[in-house]
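Inside the fold
What follows is each chain in one-letter form.
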Amino acid sequence: MELLKILFVTALCVAGSSAKIKEEDGIMIVTKDNFEEVIEDTYVLIEFYAPWCGSCTKFAPQYVELAKALKETELDVKLGKVDTTEEPELAQMQDIQSYPTLKLFRDGVPIKYQGNLEVSAVLNWLTKKATPPAEEIKSIRGAKKFINKHEIAIIGFFKDFESKEAETFWHVANANGDYGFGFTNTESVFKEFKAEDGQVILFKNFDERQNVYKKKMDAKKLEEFIEASSIPLIVDYDEKIGPKVFGGSNKDFLVAFLSEDDGDYDNYAEEFTKTAKKYRGKMMVVTFNVDEPEQAQMLDFIGLKMKDVPAMRIIKVLDKGIHKYKPENPELKDKNIYDFASKYFKGEVKRYLSAEDVPEDWDAKPVKVLTGKNFKKIAMDKSKHVLVEFYAPWCGHCKQLAPIYDELAEKYKNDKKVVIAKLDATANELEDIDIQGYPTLVLFKKGTNEVIYFEGNRTVEGMSKFIDSDGVEGAKEEEEEDEKVEAKKGDEEGLSKDEL
């Protein structure tokens, strides 16, 4: 479809009919059956939620307020919501991995909202995004004004707006909700920026200031170029950039823990530049300032202590958890950093599994204390059912479960064929078990060591039935495993990438 025609249709599009779709407080109830009809409208914001999610419950009245606020504006944005427990297929189709998730469908193309859930913040975002995805630039002055207006400005240079290259650029722009997109066929603008037909130039106010996409026009490759070029070579982590860093397609991260107060940024930050340039697009370099309490929490997650700072690790973010890699030489110098990354990509660095020493009183109480050093001996004892709680010391849900779990252990303390145990999963990692949320309860079945995840009620009665039924009652159903794992990521218990 020609670019100008798409732009014209977008600007003049009349909202499709949704008269038959049920509404609640001015918000459409979206289902698998009516989804395609709903997104026929030019701009539709849809919330994907789960009734059990605390954050969703908290956001529900805010979403109603947003619906009211939109009526007071000139924005033609409709709101919808999907109960993912009722519509699991639709949630899977939309790759929903956390709750609540907001997506703006712009001419049917989804853009994920990654900001905070305050009404004003969402409304401001919609004000920017409920517009045509790219604007035409007709002069040098217009181009410079466009570049100055956007933190990240992306301009496509196309002599023919009806070319396949221009169409691909338009569709990439339509699917991207974060940056400013423009396009031009004006000769003077071409000359001003030394651009060639079919090129895309990304303008920014950091690092190289601009990057040129020179490859054959391909939507996926262009998206990867934009993602890699729009983030600094070395990212100083903060809440604003976090979702873009850990929520993107990149899976490999070289993370550095530094203290600004101790002068670490002045002494070591630049040492990562060579590696960042070499592996741009393959690995992202991220620094955490441990002087900031929220960023210092990442130390526990990685298995480091404040005394270890300055330090570096490589982490690989997978669907089933995070794998960590430790350098043989901890020195933060450019050659050593570069060698560490090079060996990692060659497969020469083994995964690092943290393990605490076994406390002397590990079996003094009904709940046995496991670490990476005694886990196999205790949990893999085939003569017993062994129920293990994988927890995090800071996890609120774990703290709530603690007295109930103690009561469960008291019940089984004299049963020679049942062990109730716990393991701090932030300080101890296991080769074959990836924990995605806290607390996670796992039964290592007597006789076979079969690993069975518990998804029942976290009560003494619920967990007792799970144990006494040999891991049947309350077990995670295999056909729903992927769905439930993804669901847990979004609640307070989960460890989605967005929370890193």
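See the structure shown above.
The structure contained in this document is the topic of the report that follows. The model shown is predicted, which means the values in this text are computed figures rather than measured ones.

The strand order across the open sheet formed by 6 strands is S1-S2-S4-S3-S5-S6, and the pairing between neighbours is mixed. Of all strands in the sheet, those with a lone pairing partner are strand S1 (23-24) and strand S6 (109-112), marking the two edges. Taken together, the 4 bridges between strand S5 (residues 101-106) and S6 define a ladder with antiparallel strand orientation. Residue pairing for S6: Phe105 is matched across the bridge by Pro110.

If you look at the biggest cluster of nonpolar residues, it comprises 24 residues, and the most contacted ones within it are Val245, Phe253, Phe257, Val286, Phe288 and Ile315. For this core, the secondary structure elements donating two or more residues are helix H10 (242-246), strand S13 (252-258), strand S14 (284-289), helix H13 (293-302) and strand S15 (311-318). Once residues lying within four places of it in the same chain are set aside, the contact partners of Phe253 are Val245, Phe246, Met283, Met284, Val286, Arg313, Ile314, Ile315 and Val317. Counting 22 residues, the second-largest nonpolar core is a separate cluster that includes Leu70, Val77, Leu104 and Val119.

The next thing to look at is the pairing of S14. Within a regular strand, side chains alternate between the sheet's two faces. The buried fraction of S14 is high, at 6 of 6 residues. A two-sided burial pattern is seen for S14, the buried positions comprising Met284, Val286 and Phe288 on one face and Val285, Thr287 and Asn289 on the other.

With burial as the criterion, each face of strand S10 (residues 200-203) is covered, one bearing Val200 and Leu202 and the other bearing Ile201 and Phe203. Where S10 hands over to strand S11 (residues 210-213), the hairpin turn is made up of 6 residues, of which Asp207 adopts a positive phi near 50°.

Taken in spatial order, the 5 strands line up as S7-S9-S8-S10-S11 in an open sheet, and their pairing is mixed. Single-partner strands in this sheet number two, and they are strand S7 (135-136) and S11. Sheet topology places strand S8 (residues 153-157) next to S10; 4 bridges connect them, and they run antiparallel. The partner of Ile154 across the bridge, within S10, is Leu202. In the packing of helix H6 (residues 140-149) onto the sheet, the strands contacted are S7, S8, strand S9 (180-184) and S10, and the crossing angle to S8 comes to about 145°. Against the sheet, helix H9 (residues 219-229) touches S8, S9, S10 and S11, its axis set at about 170° to S11.

Two residues of an α-helix separated by three or four positions point the same way, owing to the 3.6 residues in each turn. Where H9 is concerned, the buried positions are Leu222, Phe225, Ile226 and Ser229. One face of H9 carries all of its buried residues, which in axial projection span an arc of 95°.

The full count for this structure, using the stated rule, is 15 salt bridges. Across the pair Glu208 and Arg280 runs a salt bridge whose closest N-O atoms are separated by 2.7 Å. Separated by 72 residues along the polypeptide, Glu208 in the loop between S10 and S11 and Arg280 in the loop between helix H12 (273-278) and S14 bring together distant segments of the chain. When its relative accessible area of 24% is taken as the criterion, Arg280 is described as partly exposed. Through salt bridges with shared partners, a single network forms among Lys204, Glu208 and Arg280.

This brings us to helix H3 (residues 54-71). Between the first and last C-alpha of H3 there are 27 Å, a value that for 18 residues agrees with the 26 Å anticipated at 1.5 Å per step. If you look at H3, its biggest bend is around 35°, right at Ala60, and the proline Pro61 turns up within four residues after that. Burial in H3 covers these residues: Cys56, Phe59, Tyr63, Val64, Leu66, Ala67 and Leu70. Residues of H3 that are buried make contact with strand S2 (27-29), strand S3 (43-49), strand S4 (78-83), S5 and helix H5 (119-129).

This part covers the packing of H3 against H5. Contact geometry for H3 and H5: axes closest at 10 Å, N-to-C directions at 45°. The angle between H3 and H5 places the two elements in the oblique class. You can see that H3 and H5 cross each other, and the crossing is right-handed. For the pair H3 and H5, contact is made by Gln62, Glu65, Leu66, Ala69 and Leu70 and by Val119, Val122, Leu123 and Leu126, respectively.

Geometrically, a packed helix pair is captured by the angle between its two axes and the distance between the axes. Two elements in contact, helix H7 (residues 164-174) and H9, have axes whose closest approach is 10 Å; the angle formed by their N-to-C orientations is 50°. Comparing the axis directions of H7 and H9 gives the class oblique. The two elements H7 and H9 meet at a crossing, and its hand is right-handed. Judged by residue contacts, Thr168, Phe169 and Val172 of H7 engage Ala219, Leu222, Glu223 and Ile226 from H9. In the contact of H7 with H9, the residues fall into 5 nonpolar, 1 polar and 1 charged.

Per the counting criterion, the structure on display carries 24 aromatic pairs. Through a chain of ring-to-ring contacts, the aromatic side chains of Tyr237, Phe246, Phe253, Phe257 and Phe288 assemble into a single cluster. One cation-aromatic arrangement involves Lys274 over Tyr338; the distance from NZ or CZ to the ring centre is 4.5 Å. Note that Lys282 overlies the ring of Phe345, its terminal NZ or CZ placed 4.5 Å from the centroid.

Calculation notes
- Residues numbered from 1 in each chain as written.
- Predicted model: local features only at pLDDT ≥ 70, side-chain atom pairs only at ≥ 80, totals over all residues.
- Heavy atoms only, no water.
- Pairing = 2+ DSSP bridges.
- Helix = DSSP H or I, 4+ residues; strand = E, 2+ residues; numbered from the N terminus.
- Core = buried A, V, L, I, M, F, W, Y, C linked by side-chain atoms within 4.5 Å.
- Buried < 20%, exposed > 50% of the residue type's maximum accessible area, 1.4 Å probe, protein only.
- Contact = heavy atoms within 4.5 Å.
- Axes fitted to C-alpha atoms, helices over the stretch in contact; angles between N-to-C directions.
- Arc of directions from axis to C-beta.
- Salt bridge = Lys/Arg side-chain N within 4 Å of Asp/Glu carboxyl O.
- Expected span 1.5 Å × (residues − 1).
- Bend = angle between axes of the 7 residues up to and from the residue.
- Parallel < 35°, antiparallel > 145°, perpendicular 65-115°, else oblique.
- Left-handed = near helix turned anticlockwise from the far one by under 90°.
- Nonpolar A, V, L, I, M, F, W, Y, C, P; charged D, E, K, R; others polar.
- Phe/Tyr/Trp six-rings, centres within 6.5 Å; stacked < 30°, edge-to-face > 60°.
- Lys NZ or Arg CZ within 6 Å of the ring centre and 35° of its normal.

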